[in-house]
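# Commentary on secondary and tertiary structure
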Amino acid sequence: MSPLRRLDRPHSDAPATRANRTPRLVLLGNLILVLLWLAAAGIGGPKLGQLSGLQENDSTAFLAASAESSVAREQASAFSDSLTLPLFVVLTKDADISADDLKAVGTYLGKLGELKIHDGTTLSEVVTEAPAALIPSEDKRAILVPIALDSDKATKKLGEASVTRLVIDAVQADATTQLSASGFSVATTGPAAYVADFAKAFAGIDGILLIVALVVVFVILVLVYRSPFLPIVVLLSAVFGLSAAGIVVYELAKRGLLSVSGQSQGILSILVVGAATDYALLIVSRFREELTRTASTFDAMKRTWRGTVEPISASAATVIAGLLCLLLSDLGSTRSLGPISAAGIVAALLGALTFLPAVLLLIGRRIFWPRIPRFVGTSDAVGDDGVDGTGLWASIARFVGRRARPVWIGATLLLLACAAFVPQLKTDGLGNTEVFRVKVASVEGEKVLAQHFPAGAASPVTVVVPEASSQALVDKLAALPGVASASIATEKPAPQTGPPGPPAAPKTKVVDGKVLVNVTLDAEGQTRAAQDGVAAVRTAVHEADPGLKVGGIAAQALDTRLANERDVRTVLPAIIGVVFVVLVLLLRALVAPLALVVANLLSFLATLGVSALVFEHVLGFKNSDPSTPIYAFVFLIALGIDYSIFLMTRVREEWPRAGGRVAVLRGLSVTGGVITSAGVVLAATFAALFVIPLVFMAQIAFMVAFGVLIDTFIVRALLVSGFFYDIGRWTWWPSRFARPVGRRGIAA
């Protein structure tokens, strides 16, 4: 039997010895509970840190195996001995490149395989073939040197750094040293460089991000409670919950049952801290309220438990159900985020409902020092309007009661005005040069590459074609608008063993009667223009042979965007339906759940509209990742409904006592402070994602933070409260509260 269940036993009728024994048993039970959580934190903390080693940040790992680019990638792998991760070294000069310059670069290439990248490890040990290609630009101002890293070896670590990072740093330094005398400047880019910069962006995410979030939350809690001790206990419940989630997620990821990316790990930390703090605030606020009504700490916690377990559990169930709808996604990154985040919410719920009450019981009223709540007894005194209290939220509740209809209609019109800007939100995808918010070497290198070579040179489109029809298809593709060139891949030249002579003519590489066609687009990487170019190539290829598959980085971006568009049509309606069902079961009504869902949808659209303006005109983001609105929808609908649940469960509790619609005002005045604090904490927690220098994470941070504040200050305080006060008893239709006076119901 849990310690909290023992609180339900009456003390006055029990024998004296048993009455004296009960507090000691409760104390012992709570001590054991706290020790169990300390043990869980000791196990889960290290595992949470080890999640970084299990991350998969390659977008190709998240596409379905049936996607056309995935099939094409598998077909193209037959033309390489192993999967490669290309690194491009771009050598540029301010003057035309001479024959002596070409000779100097050739000499440098001949020794490049011997370059030491770490201790005794050389470059030749981590590449699929010796670097030999030397590609001059048409403007005679640049030379492109491709280096094919072995993708399996590139992801491993030598010492504290990845092989990819070691290769890039070593090549950059060596090329600068060897070729600076010839006037060359050196830049690096390509998939390998982007992988290294992504890894750097997510490095220490489990530490830096968590510290920033916890510091922000701590400051807010100190300002709210004016207590140095209570915030520590609240944050411990969040940290312990995160540690418990780390155990589950790590074991699942280690066994290959789900994939973890840098963004999903970051969102897990923020989500658990934010949700656990929200739940803790509701418990602490109710506990403080009950301590003024009863002299017994045990009785106060018993009443707190009874009053908060249902709304907190319902809130967590809503979020969990919404997150699990992500399992319907076609993208592995989005699909895995569902169970990862759901595990985090379960852990946050357990921490808030077990660890926090245990500590509050062990410490008692002293936890609120120096503002210790005193027992004043139960008072039913209320004002003439039925609202008790004289604080800010009591005043807001009275204002809503006096002008309910203009208030909710005005709030609705404001949200609709914000939602009018939704069409300006661009979700065509982020090009390689648009992904980072800070200057990184891979982006700067791609800009240099684009100045001297076709923009799509770093990420060609690939098609595996029967040799007999390959030349005809190459000619057809080369003539397409937006295509810079098309060519058939050739064998790498064999090393010369005899006396020097003219280089042998390149020989087409044929595998099982098929060849690999590389198509270079005019557009860069993953931009919408590049995706449109892939669509045109696919149309031409499928006309020639419907069985052929088109792949490449731009093709993966196109398939990802199409998958996100399918998710909008399937995942979003599923989340709405699940949230509505949970609300119906909780509130035992139909009108209230329907109104809450509509209000939160309106809040989400308003957030998108404002985000479109802020992204373009304030933050300078010209585009967004296609998955950004989906992520924002999941968190805003699932988390935003929390505050309405907290409000409406309290309204339902007050409805019989208040005698009708005035319960809405009482619920608003009583929960206003705690819900506002919870909203500010959650918004500040998600805002911590700004520390990750990626546009996607910054956009998620703004959308969720801003949307939560809208839900807190406009939707819940004005729209929902005003609307339900206006319609009165019909809020609860068809439950008994919707019946008129004279029957079993309560009057409006």
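Keep in mind it's a predicted model, so treat the numbers as computed, not measured. (Residues numbered from 1 in each chain as written. Predicted model: local features only at pLDDT ≥ 70, side-chain atom pairs only at ≥ 80, totals over all residues. Heavy atoms only, no water.)

## So, the overall build of the protein
When helices and strands are counted, the protein shows 22 helices and twelve strands. The 748 residues of the protein split such that 54% are buried. Here the contacts in the protein between residues at least 6 apart in sequence split such that 80% fall between residues at least 24 apart. Accessible surface, the protein: about 31300 Å² in total, of which carbon and sulfur atoms supply 60%. (Helix = DSSP H or I, 4+ residues; strand = E, 2+ residues; numbered from the N terminus. Buried < 20%, exposed > 50% of the residue type's maximum accessible area, 1.4 Å probe, protein only. Contact = heavy atoms within 4.5 Å. Areas by Shrake-Rupley, 256 points an atom, 1.4 Å probe, with all protein chains shown as cover.)

## So, the sheet that holds strand S1 (residues 84–92)
The sheet built from four strands is open, its strands ordered S4-S5-S1-S8 with antiparallel pairing. Every other strand in the sheet has two partners, leaving strand S4 (135–136) and strand S8 (185–189) as the edge strands with one partner each. Sheet analysis places S1 next to S8, joined by five bridges and oriented antiparallel. Across the sheet, Thr-92 pairs through a bridge with Ser-185, a residue of S8. Contacts from helix H7 (residues 191–202) reach S1, strand S5 (142–150) and S8 within the one sheet, and its direction differs from that of S1 by about 100°. Lying on the sheet, helix H15 (residues 441–452) is in contact with S1, S5 and S8; it crosses S8 at an angle near 110°. (Pairing = 2+ DSSP bridges. Axes fitted to C-alpha atoms, helices over the stretch in contact; angles between N-to-C directions.)

## Quick word on the environment of Ala-187
Within the fold, Ala-187 resides in strand S8. According to the relative accessible area criterion, Ala-187 is buried, its value standing at 13%. Along the backbone, Ala-187 and Leu-91 are 96 residues apart, and their C-alpha atoms lie at a distance of 6.6 Å.

## A short note on the packing of helix H20 (residues 628–658) against helix H22 (residues 695–727)
Direction vectors running N to C along H20 and H22 enclose 30°, while the axes themselves pass 9 Å from each other. For the element pair H20 and H22, the recorded crossing hand is right-handed. (Left-handed = near helix turned anticlockwise from the far one by under 90°.)

## A few points about the environment of Tyr-225
By secondary structure assignment, the location of Tyr-225 is in helix H8 (residues 205–225). In this structure Tyr-225 comes out as buried when scored by relative accessible area, which is 10%. Excluding residues that lie within four positions of it along the chain, Tyr-225 makes contacts with Leu-230, Leu-281, Val-284, Ser-285 and Arg-371.

## A few points about the sheet that holds strand S9 (residues 461–466)
Reading across from one edge, S10-S11-S9-S12 is the order of the four strands in this open sheet, with antiparallel pairing throughout. With one partner strand each, in any of the chains shown, strand S10 (483–488) and strand S12 (550–551) form the two edges of the open sheet. Each of S9, S10 and strand S11 (514–521) is contacted by helix H16 (residues 467–478), which is oriented at about 170° to S10, the strand it contacts most.

## Some words on the side chain of Thr-189
Position of Thr-189 relative to the elements: it lies in strand S8. Among the polar contacts made by the side chain of Thr-189, one reaches the main-chain amide nitrogen of Glu-446 at a distance of 3.4 Å. Dropping the residues within four chain positions of it, Thr-189 is found in contact with Leu-87, Phe-88, Val-90, Tyr-194, Ser-442, Gly-445, Glu-446 and Leu-449. (Polar contact = N/O pair within 3.5 Å; in protein donor to acceptor, adjacent residues only side chain to side chain.)

## A few points about the packing of aromatic side chains
Tallying each qualifying case throughout the model produces 14 aromatic pairs. Measuring from ring centre to ring centre gives 6.0 Å for Phe-615 and Phe-621, while their planes differ by 55°; the resulting arrangement is tilted. A relative accessible area of 2% means that Phe-615 is categorised as buried. Relative accessible area serves as the criterion here: at 11%, Phe-621 is assigned to the buried category. Residue placement shows Arg-652 over the ring face of Trp-732; its charged tip is 5.4 Å from the ring centre. The ring centre of Tyr-725 lies 5.5 Å from the NZ or CZ of Arg-661, which sits over that ring. (Phe/Tyr/Trp six-rings, centres within 6.5 Å; stacked < 30°, edge-to-face > 60°. Lys NZ or Arg CZ within 6 Å of the ring centre and 35° of its normal.)

## What to know about unusual backbone geometry
A cis geometry characterises the amide bond from Trp-369 onward to Pro-370, with omega recorded as 10°. Looking at the secondary structure, you find Pro-370 in the loop between helix H12 (332–363) and helix H13 (392–402). At the junction of Trp-733 and Pro-734, the peptide bond is cis and its omega measures out at 5° in the coordinates. Mapped onto the fold, Pro-734 is located in the segment after H22. The residue Asp-512 is not glycine, and still its phi comes out positive at about 55°. Of the residues examined, Asp-512 reaches a relative accessible area of 77% and is grouped as exposed. In this model, Arg-588 sits at a positive phi of 55°, which is unusual for a non-glycine residue.

## Side note on the nonpolar core
Grouped together as the largest cluster of nonpolar side chains are 169 residues, with contacts concentrated most on Tyr-279, Ile-345, Leu-360, Phe-635, Met-648, Phe-686 and Leu-689. In this structure, Met-648 is in contact with Leu-587, Leu-596, Val-720, Phe-724, Thr-731 and Trp-732, ignoring residues within four places of it in sequence. Counting 32 residues, the second largest nonpolar core, distinct from the first, contains Leu-85, Val-126, Val-167 and Val-171. (Core = buried A, V, L, I, M, F, W, Y, C linked by side-chain atoms within 4.5 Å.)

## What to know about the pattern of salt bridges
Across all of its chains, the model carries 23 salt bridges by this definition. Of the charged contacts in the structure, one is a salt bridge between Arg-303 and Glu-290, with a shortest N-O distance of 3.9 Å. One end of the pair, Arg-303, is in helix H11 (residues 297–324); the other, Glu-290, is in helix H10 (residues 262–291), with 13 residues separating them in the sequence. Look at the salt bridges and you will find they share partners, linking Arg-286, Glu-289, Glu-290, Arg-293, Arg-303, Arg-650, Glu-653, Glu-654 and Arg-666 into a network. (Salt bridge = Lys/Arg side-chain N within 4 Å of Asp/Glu carboxyl O.)

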